[in-house]
Amino acid sequence: KQWYQRRVRGEWFTLLTEKITDPMYGLFQRYNNGLNFQPTHLSKVNPDHLRQFEFAGKVVALMIYYKITTGIHFTRSFCKHMLGEPLDFTDVACIDNDLAMSLQWVIDNDISDMVELTFSVDEHDFGEQGTVELKPGGSDIIVTEENKLEYVRLLTEYKMTGSIKPQINSFLSGFYSIVPRKILAIFGPDELELILCGLNVIDRKDWKKNTKYITYTAEDDMIVWFWEILETFDQDELVALLKFITGYSRVPHGGFSQFAVIGSSGPIKISKGNGTVDNLPKSSVCFNLLLLPEYTSKEMLKERLKTAMSYASIGFDQC
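Residues numbered from 1 in each chain as written. Predicted model: local features only at pLDDT ≥ 70, side-chain atom pairs only at ≥ 80, totals over all residues. Heavy atoms only, no water.

### So, the sheet that holds strand β8 (residues 289-292)
The strands that make up a sheet are held in pairs by hydrogen bonds between backbone atoms, and each pair lies either parallel or antiparallel. For clarity, the cut-off: One bridge is not enough; two strands pair if DSSP finds at least two bridges between them. For helices the rule is a DSSP run of H or I covering at least 4 residues; for strands it is a run of E covering at least 2, with both sets numbered from the N terminus onward. Here an angle of 0 to 180 degrees is reported between the N-to-C directions of two axes, which are lines fitted to C-alpha atoms, with helices fitted over the stretch in contact.
Strands sit in the order β5-β6-β8-β7 across an open sheet of 4 strands; the sheet is mixed. Edge positions in the sheet fall to β5 (211-214) and β7 (282-284), since each has one partner strand and no second. Taken over all neighbouring pairs, the strand axes of this sheet differ in orientation by 25 degrees on average, direction set aside. Judged from the 4 bridges that link them, strand β6 (residues 268-272) and β8 form a sheet pairing that is parallel. Residue pairing in the sheet places Ile270 in a bridge with Leu290 of β8.

Rendered as structure tokens:
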């Protein structure tokens, strides 16, 4: 059935992207305290890495096509590459904030006395140190007041493009084969990240506004308690509950209303569950449905709900 196929597809893509960004495979490197990903130049140790980047590009594009959030936060510079937008030195901050601050200092100050600064950069590959020239003969060209803006531009280009250009091109080759570049022209980097990753912060009011009730009403104690409990949940607990009900750990771009339009599962729904108060809440992720027995107190509902969330399996197993 369509809803089952959608859940299987979503779960498969989610697991696949986890493998693609797994450090064991050496394709992507984490930046910004592990929050963002960008291709790494060290992937070249794998002779088949460019084909794997092309495959990764196709996977990400297909997830956009099927409206599945990837959960992968690419660096701002890599998002700009996907959009074909020019980069500037401020984008370096997403991969190396110290370098960005240093480049800003170079721009803002007189560097006439910095005779040790040249058009070159030191790189470390698998324990071996090497020097990369930013322009022909760069190791012998001193950065001066007259050429420092060129130095900033070239170093920026190398860090965010030149050092990983084959990887970027292979990824984009696969990506554009599914999602043509012109389709993305209307988006900016922040909008693209929302499409790829969904919303980072779960809005309780938006969730409540877009939830439907079956056999319960908004005035019933169980429903009143439910929303009061959510007010006490932190973001990690809200994510766990969302995943328990829908199978997804992120809200689609556009908010909770999009659950009603991105597939055949419909909006999030709450209904009475079968069994006694000794039973845990259940969910059917294929229908975005939460089944709540009629517990006798808010404390009991919260305890049972948190227990069910902790035991919840991922994906379509809960259909």
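What follows continues from the structure just given.
### Focus: the environment of Thr75
Keep this limit in mind: Every residue pair with non-hydrogen atoms within 4.5 Å of one another is taken to be in contact.
Within the element layout of this structure, Thr75 appears in the loop between α2 (49-65) and α3 (76-83). With 185 residues separating them in the primary sequence, Thr75 and Ala260 have C-alpha atoms 30 Å apart. In this structure, Thr75 is in contact with Tyr31, Asn36, Phe37, Gln38, Cys94 and Ile95, ignoring residues within four places of it in sequence.

### Section: the state of the cysteines
How we decide: Two cysteine sulfur atoms make up a disulfide if the distance between them is within 2.5 Å.
Counted under the stated rule, the structure contains 0 disulfides. Summary of cysteine pairing: Cys94 is not part of a disulfide, and the nearest cysteine sulfur, belonging to Cys79, is at 8.9 Å.

### Here's the deal with the packing of α2 against helix α6 (residues 165-176)
Rules: Orientation is classified from the angle alone, with under 35 degrees giving roughly parallel, over 145 giving roughly antiparallel, 65 to 115 giving roughly perpendicular, and any other angle giving oblique. Each crossing gets its handedness from the near helix: less than a right angle anticlockwise from the far helix is left-handed, clockwise is right-handed. Three classes are used: nonpolar for Ala, Val, Leu, Ile, Met, Phe, Trp, Tyr, Cys and Pro, charged for Asp, Glu, Lys and Arg, and polar for all others, with Gly counted as polar.
α6 packs onto α2 with a crossing angle of 40 degrees between their chain directions and a minimal axis gap of 6 Å. Here α2 lies oblique to α6, going by the angle between them. The way α2 lies across α6 gives a crossing that is right-handed. Across the interface between the two elements, His49, Leu50, Phe53, Glu54, Ala56, Gly57, Lys58, Val60, Ala61 and Ile64 from α2 touch Pro166, Gln167, Ser170, Phe171, Ser173, Gly174 and Phe175 from α6. Tallied by class, residues from the contact of α2 with α6 come to 9 nonpolar, 6 polar and 2 charged.

### Brief notes about the pattern of salt bridges
Oppositely charged side chains may form a pair once their charged atoms are brought near each other. Note the cut-off: Any carboxyl oxygen of Asp or Glu that lies within 4 Å of a side-chain nitrogen of Lys or Arg is treated as forming a salt bridge with it. Only protein chains enter the accessibility calculation, which uses a 1.4 Å probe; a residue whose area is less than 20% of its type maximum is buried, one above 50% is exposed, and one in between is partly exposed.
All told, the structure shown has 11 salt bridges when counted by the stated rule. Residues Arg76 and Asp91 are paired through a salt bridge, measuring 3.7 Å at the closest nitrogen-oxygen approach. Here the residue Arg76 occupies a position in helix α3, and Asp91 occupies one in the loop between α3 and α4 (97-108), the gap between them amounting to 15 residues. The class of Asp91 is buried, set by a relative accessible area of 4%. The network of salt bridges with shared partners includes Arg76, Lys80, Asp91 and Asp190.

### Some details on the nonpolar core
What tends to happen in soluble globular proteins is that the nonpolar side chains get buried as a cluster. Note the cut-off: Note on terminology: a nonpolar core comprises buried Ala, Val, Leu, Ile, Met, Phe, Trp, Tyr and Cys residues joined through side-chain atoms within 4.5 Å.
Grouped together as the largest cluster of nonpolar side chains are 30 residues, with contacts concentrated most on Phe28, Phe74, Met82, Phe171, Phe175 and Leu196. The set of elements that each furnish at least two residues to this core consists of α1 (2-20), α2, α3, α6 and α7 (189-197). Per element, the largest residue contribution to this core is 7 residues, and it comes from α2. Beyond its immediate stretch of four places on either side in the chain, Phe175 contacts Gly57, Lys58, Val60, Ala61, Ile64, Met82 and Leu184. Of all hydrophobic cores here, the second largest spans 29 residues; its members include Trp207, Leu230, Leu290 and Ala308.

### Re helix α5 (residues 148-160)
Test applied: One less than the number of residues in a helix, times 1.5 Å, gives the span that helix is expected to have.
With 13 residues, α5 extends 18 Å between its outermost C-alpha atoms, agreeing within 8% with the 18 Å of an ideal straight helix rising 1.5 Å per residue. Along α5, the residues that are buried comprise Lys148, Tyr151, Val152, Leu154, Leu155, Thr156, Tyr158 and Met160. The secondary structure elements touched by the buried residues of α5 are α3, α4, β3 (120-125), β4 (128-133) and α6.

### Section: the packing of helix α9 (residues 221-232) against helix α11 (residues 298-311)
Contact geometry for α9 and α11: axes closest at 10 Å, N-to-C directions at 60 degrees. When the axes of α9 and α11 are compared, the pair comes out oblique. Regarding α9 and α11, the two cross each other, and that crossing is right-handed. The residues of α11 that touch α9, namely those facing Met222, Trp225, Phe226, Glu228, Ile229 and Thr232, are Lys298, Leu301, Lys302 and Leu305.

### Thoughts on α3
Counting buried positions along α3 yields 7 of 8 residues, so the element is predominantly enclosed. Those residues of α3 not exposed but buried are Ser77, Phe78, Cys79, Lys80, His81, Met82 and Leu83. The first or second residue beyond α3 is Gly84, which carries a positive phi of 75 degrees.

### Structural notes on the layout of surface pockets
Which parts of space are left empty comes out when a probe the size of a water molecule is rolled across the atoms. This is how the line gets drawn: A cavity here means a set of points on a 1 Å grid, drawn over the protein atoms and nothing else, where a 1.4 Å probe fits but cannot get out; a pocket is an open set with protein on both sides within 12 Å along at least five of seven lines, and a residue lines either one if it has an atom within 4 Å of a point. Grid points are joined across faces, edges and corners, and a volume is the space filled by probe spheres set on the points.
In this structure, the largest pocket encloses a volume near 540 Å³. Along the walls of the largest pocket sit 25 residues, with Glu18, Thr70, Gly71, Ser249 and Arg250 positioned nearest its centre. Contributing elements (two or more residues each) for the lining of the largest pocket: α1 and α10 (235-246). No other element matches the 5 residues that α1 contributes to the lining of the largest pocket. For the lining of the largest pocket, a count of residues per class yields 9 nonpolar, 10 polar and 6 charged.

### Overview of the packing of aromatic side chains
Given two aromatic rings, their pairing is described by the distance between the two centres and the angle made by the two planes. How we decide: Pairing of aromatic rings covers Phe, Tyr and Trp, the last through its six-membered ring, and needs centres within 6.5 Å; plane angles under 30 degrees mean stacked, over 60 mean edge-to-face, and all others mean tilted.
Evaluated as defined, the whole model comprises 16 aromatic pairs. Judged by centre distance (5.9 Å) and plane angle (40 degrees), the rings of Phe28 and Phe74 are tilted. Here Phe28 is found in strand β1 (residues 28-31), whereas its partner Phe74 is found in the loop between α2 and α3, with 46 residues between them in sequence. Assessed through its relative accessible area of 3%, Phe74 is described here as buried. Plain terms: the ring middles of Trp207 and Trp227 are 6.5 Å apart, the flat faces sit at 80 degrees to each other, and that makes the pair edge-to-face. Pair noted here: Trp207 is in helix α8 (residues 204-209) and Trp227 is in helix α9, with a separation of 20 residues, a long-range link. Trp227 shares its class with Trp207; the two are buried. Of the aromatic side chains, those joined through ring pairs into one cluster are Phe28, Phe53, Phe74, Phe78, Phe171, Phe175 and Tyr176.

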